[in-house]
Amino acid sequence: MMKAYISVFKLRISNGLQYRAAALAGIGTQFFFGFMFIMIFEAFYAHAIQEPPMTLSQVITYTWLKQAFLVFIVLWLRDNELFQLITSGNIAYELCRPNDIYGFWYAKLLAQRLSSALLRCFPILIVVFFLPAPYGLQLPPDFISFLLFLAVLIVGLLMIIAISMLIYISVFVTMSPSGSLLLFSVFGEFLAGLIIPVPLMPGWMQQIVYLLPFHWTADFPFRVFTGNLSKSEAVTGLGIQIVWLAALITFGKFAMSKALKRVVVQGG
């Protein structure tokens, strides 16, 4: 069974790497939004009455990481083929496969995000590294922090795919891909710190954010990179990420099994 997952993963990676023109257009868009967010934060810091919990250089680095790894952390990235399978009734063909649908789709979504990231992240990171201060990317405090960043970023990616799987599973009930996607994306991306870094949110809002899994996918890895979190906090957070990942996958498989038992395929 694992060979089937690896095969579809490799096939999707190879297919995703063909879209170079789309990646190039995406890179331009991400630079535009990166500079726009940086200018907004510059204005905010210039008129701040109190010392913010993150330095401006940390926020700028956070912003560039968000743009470089955008396909790792956004919930609006979708696979229309999976939505089509559910809404058209072609899910019947998936049910005929001798594989677990949850694992099969999970491998597809993982490959989709990795292939897009390989085309986009390195050009952005290289360019922003050479930008003049204060607009450039600051490296982590030390090599250990960088290794911890890679670890928590990977687990965060696995978490975002597990959350994305819940979007597809919800379509079995709602039959509205756009509705499910909008509901998860609007709340999930704000709570992940993609609009405002979590430390800059009001205290009462931070308490809500820390109770939910979303900030572990983006805000937490980026703050590890910037040095806003200590190594001990990074290691503790990594453990919490793994617990959340296991819980999300377990719940996703349970919800998928329940949804598939209620599937009714119509047609001749």
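Residues numbered from 1 in each chain as written. Predicted model: local features only at pLDDT ≥ 70, side-chain atom pairs only at ≥ 80, totals over all residues. Heavy atoms only, no water.

Colleague: Explain the environment of Leu82 to me, using residue names and the numbers behind them.
Modeller: Among the structural elements, Leu82 can be located in helix H5 (residues 80-88). For Leu82 and Leu109, which are 27 residues apart along the polypeptide, the C-alpha to C-alpha distance reads 9.8 Å. Apart from the residues within four sequence positions on either side, Leu82 is in contact with Trp105, Lys108, Leu109 and Tyr168. (Helix = DSSP H or I, 4+ residues; strand = E, 2+ residues; numbered from the N terminus. Contact = heavy atoms within 4.5 Å.)

Colleague: Before we move on, could you go through the packing of aromatic side chains and cite the residues and values that matter?
Modeller: Applying the stated rule across the entire model yields twelve aromatic pairs. On the numbers, 5.5 Å between centres and 80 degrees between planes, the contact of Phe44 with Tyr45 is edge-to-face. For the pair Phe129 and Phe130, a centre-to-centre distance of 5.1 Å together with 85 degrees between the ring planes defines the contact as edge-to-face. Of the residues examined, Phe129 reaches a relative accessible area of 38% and is grouped as partly exposed. Judged by its relative accessible area of 64%, Phe130 falls in the exposed class. (Phe/Tyr/Trp six-rings, centres within 6.5 Å; stacked < 30°, edge-to-face > 60°. Buried < 20%, exposed > 50% of the residue type's maximum accessible area, 1.4 Å probe, protein only.)

Colleague: Help me get a handle on helix H9 (residues 177-191), residues and values and all.
Modeller: Taking 1.5 Å of rise per residue, 15 residues should cover 21 Å, and H9 covers 21 Å from first to last C-alpha, within 8% of that figure. What H9 keeps buried is the set Ser180, Leu181, Ser185, Gly188, Glu189 and Leu191. On its buried face, H9 sits against helix H8 (143-174) and helix H10 (203-209). Looking one or two residues beyond H9, the residue adopting positive phi is Gly193, at roughly 90 degrees. (Expected span 1.5 Å × (residues − 1).)

Colleague: Break down the nonpolar core for me, citing the residues and quoting the values.
Modeller: Ranked by size, the top nonpolar core spans 81 residues in total, and within it Phe69, Trp105 and Phe222 carry the most contacts. Here this core takes 18 residues from H8, the largest share from any one element. Setting aside chain neighbours within four positions, we find Phe222 in contact with Tyr62, Leu65, Lys66, Phe69, Ile73, Phe149 and Leu153. (Core = buried A, V, L, I, M, F, W, Y, C linked by side-chain atoms within 4.5 Å.)

Colleague: Which residues make up a nonpolar patch on the surface, and what values go with them?
Modeller: On the surface, a nonpolar cluster with roughly 660 Å² of combined accessible area is contributed by Leu118, Phe122, Ile126, Phe129, Phe130 and Leu139. With respect to the secondary-structure elements, Phe130 resides in the loop between helix H7 (101-129) and H8. (Patch = residues over 30% accessible without salt bridge, like charges linked within 9 Å, V, L, I, M, F, W, Y side chains within 5 Å. Areas by Shrake-Rupley, 256 points an atom, 1.4 Å probe, with all protein chains shown as cover. Salt bridge = Lys/Arg side-chain N within 4 Å of Asp/Glu carboxyl O.)

Colleague: Kindly report on the pattern of salt bridges, identifying the contributing residues and their values.
Modeller: For the structure shown, the criterion picks out two salt bridges. For the salt bridge of Asp142 with Lys231, the shortest nitrogen-to-oxygen distance reads 2.7 Å. Residue Asp142 is located in the loop between H7 and H8, and its partner Lys231 is located in helix H12 (residues 231-261); the two are separated by 89 residues in the primary sequence. A salt bridge links Asp219 to Arg223; the shortest N-O distance between them is 2.9 Å. One end of the pair is Asp219 and the other is Arg223, both in helix H11 (residues 219-226) and four residues apart, which spans about a single turn. In terms of burial, Asp219 and Arg223 fall into one category: buried.

Colleague: Give me the environment of Glu233: which residues, what numbers.
Modeller: As for its position among the elements, Glu233 is in helix H12. When its relative accessible area of 41% is taken as the criterion, Glu233 is described as partly exposed. Each C-alpha atom of the pair Glu233 and Phe220 lies 9.9 Å from the other, and the pair is 13 residues apart in sequence.

Colleague: I'd like a rundown of the environment of Val128, residues and numbers included.
Modeller: Along the polypeptide, Val128 turns up in helix H7. For Val128, a relative accessible area of 0% gives the class buried. C-alpha separation for the pair Val128 and Ala68, spaced 60 residues apart in sequence, amounts to 9.7 Å. Excluding its chain neighbours within four sequence positions, the residues that come into contact with Val128 are Phe31, Trp64, Gly136 and Leu137.

Colleague: Outline the side chain of Thr226, supporting the account with residue identities and numerical values.
Modeller: Within the secondary structure, Thr226 is located in helix H11. For Thr226, the side chain forms a polar contact with the main-chain nitrogen of Asn228, separated by 3.4 Å. Those residues in contact with Thr226 that lie beyond four places of it in its chain are Met54, Gln58, Thr61, Tyr62 and Pro141. (Polar contact = N/O pair within 3.5 Å; in protein donor to acceptor, adjacent residues only side chain to side chain.)

Colleague: Kindly report on the packing of H8 against H9, identifying the contributing residues and their values.
Modeller: The interhelical angle for the contact between H8 and H9, taken along N-to-C directions, is 140 degrees, at an axis separation of 9 Å. As judged from the angle between their axes, H8 and H9 are oblique. Two packed elements cross with a definite hand, and for H8 against H9 that hand is right-handed. Each of Ile163, Leu166, Ile167, Ser170, Val171 and Thr174 in H8 lies in contact with H9, whose residues at this interface are Pro177, Ser180, Leu181 and Phe184. Of the residues that constitute the contact of H8 with H9, the class distribution is seven nonpolar, three polar and no charged. (Axes fitted to C-alpha atoms, helices over the stretch in contact; angles between N-to-C directions. Parallel < 35°, antiparallel > 145°, perpendicular 65-115°, else oblique. Left-handed = near helix turned anticlockwise from the far one by under 90°. Nonpolar A, V, L, I, M, F, W, Y, C, P; charged D, E, K, R; others polar.)

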